[in-house]
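Descriptive structure summary
Single-letter residue listing:
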Amino acid sequence: MKITKTTIYLVFLLGAFTALPILSFSAKSGGHYELSRFIPPDVCGGCHETIYAQWKNSMHHLAQRDAIYRAAAYYYLEGLTDRDEIIEAESCVKCHTPVGYFSGFPLKTSDEKNGKVPAIAVEGVQCDFCHSATGARALFNNNIIIDPGYGESKPGTKRGPRADAKSDYHESAYSKFHTGPEVCAVCHDVRHEVFGTKLETTYEEWLASPYNASKSGARVVCQDCHMYQAPGRPATGSTKRVKNPGSSAPDGPKRDHIFTHYFVGANTLIPGQYGDVEKPRMAEERLRNSAELVIDGAKAGEGLVTVTVKNTGAGHSLPTGLTDVRQMWLQLRVTDQSGAVLFQSGVPDASGYLPADSIVYNTVFGDGKGNPVENIAKAREVLKNRRIPAGGSLTERFNFSPPAGKKLTVEAKLLYMSASQKLIDRVAGKQSLRIPVVTMAEARLSL
Ligand code: HEC
Ligand code: HEC
Ligand code: HEC
Ligand code: HEC
Ligand code: HEC
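Residues numbered from 1 in each chain as written. Chains lettered and ligands numbered in written order. Predicted model: local features only at pLDDT ≥ 70, side-chain atom pairs only at ≥ 80, totals over all residues. Heavy atoms only, no water.

A closer look at the overall build of the protein
Operational definition: In this description a helix means any DSSP run of H or I spanning at least four residues, a strand means any run of E spanning at least two, and both kinds are numbered starting from the N terminus. Only the C-alpha atoms count toward the radius of gyration. The rule for a globule is 2.2 Å times the residue count to the power 0.38. Throughout, exposure labels follow a simple rule: accessible area from a 1.4 Å probe, protein chains only, divided by the maximum for the residue type, with under 20% read as buried, over 50% as exposed, and the rest as partly exposed. Only heavy atoms enter the contact rule, under which two residues are in contact if any of them lie within 4.5 Å. Using a 1.4 Å probe, accessible areas were evaluated by the Shrake-Rupley method; residue-level cover was limited to the displayed protein chains. A residue counts as positive if it is Lys or Arg and as negative if it is Asp or Glu; His and the chain ends are not included. By convention, the charge on Lys lies at NZ, on Arg at CZ, on Asp at CG and on Glu at CD.
The helix and strand tally for the protein stands at 17 helices and 16 strands. Its C-alpha atoms give the protein a radius of gyration of 25 Å, within 12% of the compact-globule value 22 Å for 447 residues. Each principal axis of the C-alpha distribution contributes one length, and for the protein these read about 95 × 70 × 45 Å. Per-residue burial over the protein gives 47% buried out of 447 residues. In the protein, once contacts between residues fewer than 6 apart in sequence are set aside, the share between residues at least 24 apart is 64%. Carbon and sulfur atoms make up 55% of the accessible area of the protein, which amounts to about 21900 Å² in all. Looking at charge distribution, the protein has the averaged site of its 52 positive side-chain charges lying 3 Å from that of its 46 negative ones.

Laid out in structure tokens, this is it:
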């Protein structure tokens, strides 16, 4: 081949193109930090004893161990052949095993499945990861920027809400990033790696909510609800968010509020599997202070009952997060004086499965051609997104004709399960695990 200027140019161009994916890979954070730079959480717990005890067995602590996460992640990987779908299915470790991902193992879900995850990475979303953060490149898919120290002997700077924190052990610095919703947004908005489909939108929902007010008194960020909660004090939008005075370390000063680290959402199952009795109870307290139901029987004479579901407690939609998996639904029963059921909706069968016509507040993803898909790796579109927005409500109409001359009782319940029993049975094996049902709100009316 005669080497001309054009061939040199072509070779150069080709080189530039093949170099592109490498460049864009290096712009990400996977594998860029020595594992030894991260300090195990129990070291932090040596001084921050209470915070450590709160965080232990939280969903952050258990994000990697979580049996439901792992069952789903490995199940979704099975049988994929499409390159773009595989990229998504391999990305779970970014948020669920962040110290592992940032230090190079596991970089992919299949590495996690087949290899041995380092002990510190098994500790999930942990102290040194969050407190090494300096900001974010983008507010989704864990595009966080971190600047960890160099292990226990050179711990570096821990960033947090205090401008006057002093520790003999580590440097401290005030970080605006930690006091706002952005530090949560990095992981709590999840997009498909290739298709961009919005898979989880908790932060986006909060942005659009009345809690995102500019006046400081009216503004309620993630931490105001989730880092004020303590046992018996649910700290939701419909309850008081009581301060937690104390000090965060034995030799630290007394402060009017120390941010709590239970990070409780709605998970009543996983912490209990690790012997934690407090967090499942706290999750129930949260769920029970999230919503209100109002039955309007005025139209009952016309054969209509309406039920309004109000989101009074959550700073995002109800439910939020993994809403393709969560099962929040409305149950209605109309009974007569003898207790006979004249009408019902949303009553599960003996296997725990809901009838197809039940009112479920959730998200359904599609394959791009209008067919529903269960595997988020295949999510090319959103087919359904019907949930209760923060501070908002939805009204449901039930049509039935009450027989004349009978006294009737209408009973409505808003119920929550972390996942539908059908999905659990398919992923984990039939009836291998029963998912607890929490009653979030109920209302009753006599006609
Ligand atoms: C950008 C961060 C991020 C990525 C990437 C991510 N997740 Fe998650 N995942 C979360 C957050 C945040 C929650 C908690 C939301 C909630 O509780 O509703 C969560 C919760 C879950 C849960 C619920 C666990 C339980 O016990 O109820 C499952 C299952 C799950 N993720 C599976 C996956 C799978 C599978 C992947 C990869 C295909 C993945 N996640 C990738 C952030 C992420
Ligand atoms: C030898 C005791 C000790 C250890 C070990 C320790 N800390 Fe601290 N830390 C302190 C003290 C004391 C303060 C100051 C508390 C105050 O002023 O309220 C502090 C403050 C902090 C703050 C607040 C910083 C700010 O400016 O707002 C963070 C965050 C923090 N520590 C994180 C960590 C993490 C993460 C670890 C583990 C890698 C850790 N600490 C280990 C003693 C310790
Ligand atoms: C998911 C991220 C995350 C994890 C994990 C986490 N923290 Fe924090 N922590 C925060 C945020 C955010 C704040 C500040 C909240 C604010 O200012 O609104 C904070 C505050 C603190 C403070 C200051 C408390 C105060 O009110 O003075 C200390 C100390 C601290 N964390 C230590 C720890 C320790 C120790 C662990 C592990 C046991 C830990 N954190 C785990 C995000 C995290
Ligand atoms: C590094 C990523 C990351 C950051 C940063 C992060 N989270 Fe999470 N968070 C997760 C993951 C992953 C889960 C889900 C673990 C699971 O279910 O397996 C989770 C779970 C939770 C849960 C429990 C959800 C449930 O179903 O009970 C709450 C509440 C929560 N996070 C709040 C916060 C708040 C508030 C912040 C900011 C202060 C924050 N998170 C920052 C990754 C993160
Ligand atoms: C006004 C109070 C409030 C604010 C602000 C708030 N939350 Fe929540 N959060 C709740 C309540 C109440 C629940 C329980 C009901 C539910 O599941 O939505 C909850 C549940 C959750 C869950 C578990 C959802 C599930 O069903 O698995 C996650 C994750 C979460 N919040 C994260 C966040 C993040 C991230 C932010 C900030 C962007 C935030 N929250 C802001 C009150 C709040």
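Further notes follow.
Details of the site of ligand 2
For clarity, the cut-off: One heavy atom within 4 Å of a molecule or strand is enough for the residue carrying it to be called near that molecule or strand. In the analysis that follows, any N or O atom pair within 3.5 Å is treated as a polar contact, provided that within protein one partner can donate a hydrogen and the other can accept it, and provided that, for residues neighboring in sequence, both atoms belong to side chains. Put simply, Ala, Val, Leu, Ile, Met, Phe, Trp, Tyr, Cys and Pro go in the nonpolar bin, Asp, Glu, Lys and Arg in the charged bin, and everything else, Gly too, in the polar bin.
Around ligand 2, 25 residues are found, and the nearest of them are C44, C47, H48, R162 and H170. One nitrogen or oxygen atom from the main chain of P161 is found 3.0 Å from an oxygen atom belonging to ligand 2. One nitrogen or oxygen atom from the main chain of R162 is found 2.7 Å from an oxygen atom belonging to ligand 2. Going through the elements one at a time, helix 2 (41-45), helix 10 (127-131), strand 3 (157-160) and strand 4 (171-174) are the ones with two or more residues in the shell around ligand 2. Per-class residue counts for the shell around ligand 2 are 11 nonpolar, 7 polar and 7 charged.

Quick notes on the site of ligand 5
C222, C225, H226, H316 and Y416 are the nearest of the 26 residues found near ligand 5. At 2.9 Å, a side-chain N or O of R326 approaches an oxygen atom of ligand 5. Within the contact set of ligand 5, an oxygen atom lies 2.6 Å away from a side-chain nitrogen or oxygen of Y416. Those elements giving two or more residues to the shell around ligand 5 turn out to be helix 12 (182-188), helix 13 (202-207), helix 14 (222-226) and helix 16 (278-287). Broken down by class, the residue content of the shell around ligand 5 amounts to 13 nonpolar, 11 polar and 2 charged.

Some thoughts on the domain arrangement of the protein
Under the convention used in this document: For the domain bounds, the source is a domain assignment made automatically or taken from a database. Buried area: the accessible area, evaluated with a 1.4 Å probe, that two parts lose upon being put together, summed over both parts. Each reported salt bridge corresponds to a side-chain nitrogen of Lys or Arg within 4 Å of a carboxyl oxygen of Asp or Glu.
By the assigned domains, the protein splits into domain 1 (28-265) and domain 2 (290-446). Taken together, both faces of the contact between domain 1 and domain 2 bury some 2200 Å²; the carbon and sulfur share is 57%. Three residues stand out in domain 1 for area buried against domain 2, namely Y75, Y76 and E205, and they jointly supply 27% of the buried area on that side. Where domain 1 touches domain 2, the interface holds 4 salt bridges. A salt bridge links R387 to E205; the nearest nitrogen and oxygen atoms lie 2.8 Å apart. For the interface between domain 1 and domain 2, the tally reads 12 residue pairs in polar contact (both at pLDDT 80 or more). Looking at the side of domain 1 that touches domain 2, the elements that each hand over two or more residues are helix 4 (67-77), helix 5 (83-89), strand 6 (198-201) and helix 13. With 5 residues, the single largest contributor to the side of domain 1 that touches domain 2 is helix 4. Along the lines of polarity and charge, the residues of the side of domain 1 that touches domain 2 split into 12 nonpolar, 9 polar and 6 charged.

Regarding the coordination of the iron atom of ligand 4
Inclusion rule: Coordinating donors are taken to be N, O and S atoms lying within 2.8 Å of the metal, or within 3.2 Å when the metal is Na, K or Ca; because water is excluded from the atom set, some sites may appear incomplete.
Those protein atoms acting as donors to the iron atom of ligand 4 are H60 (NE2) and H188 (NE2), and they sit at 2.0 to 2.1 Å. Look at H60 and you get partly exposed, because its relative accessible area is 22%.

So, helix 16
Our working rule: Directions pointing from the helix axis toward each C-beta atom define the arc.
Buried within helix 16 are the following residues: K279, P280, M282, A283, R286 and L287. Down the axis of helix 16, the sector holding all buried residues measures 160 degrees, keeping them to one side. Elements that come into contact with the buried residues of helix 16 comprise helix 3 (49-55), helix 14, helix 15 (270-273), strand 15 (408-417) and strand 16 (438-446).

Observations regarding unusual backbone geometry
Along the chain, F105 connects to P106 via a cis peptide bond; the corresponding omega equals 0 degrees. As for its position among the elements, P106 is in the loop between helix 7 (98-103) and helix 8 (109-114). Here L318 and P319 are connected by a cis peptide whose omega angle stands at -10 degrees. Among the structural elements, P319 can be located in the loop between strand 8 (304-311) and strand 9 (327-336). At A235, a position not held by glycine, the phi torsion is positive, near 50 degrees. Its place among the elements puts A235 in the loop between helix 14 and helix 15.

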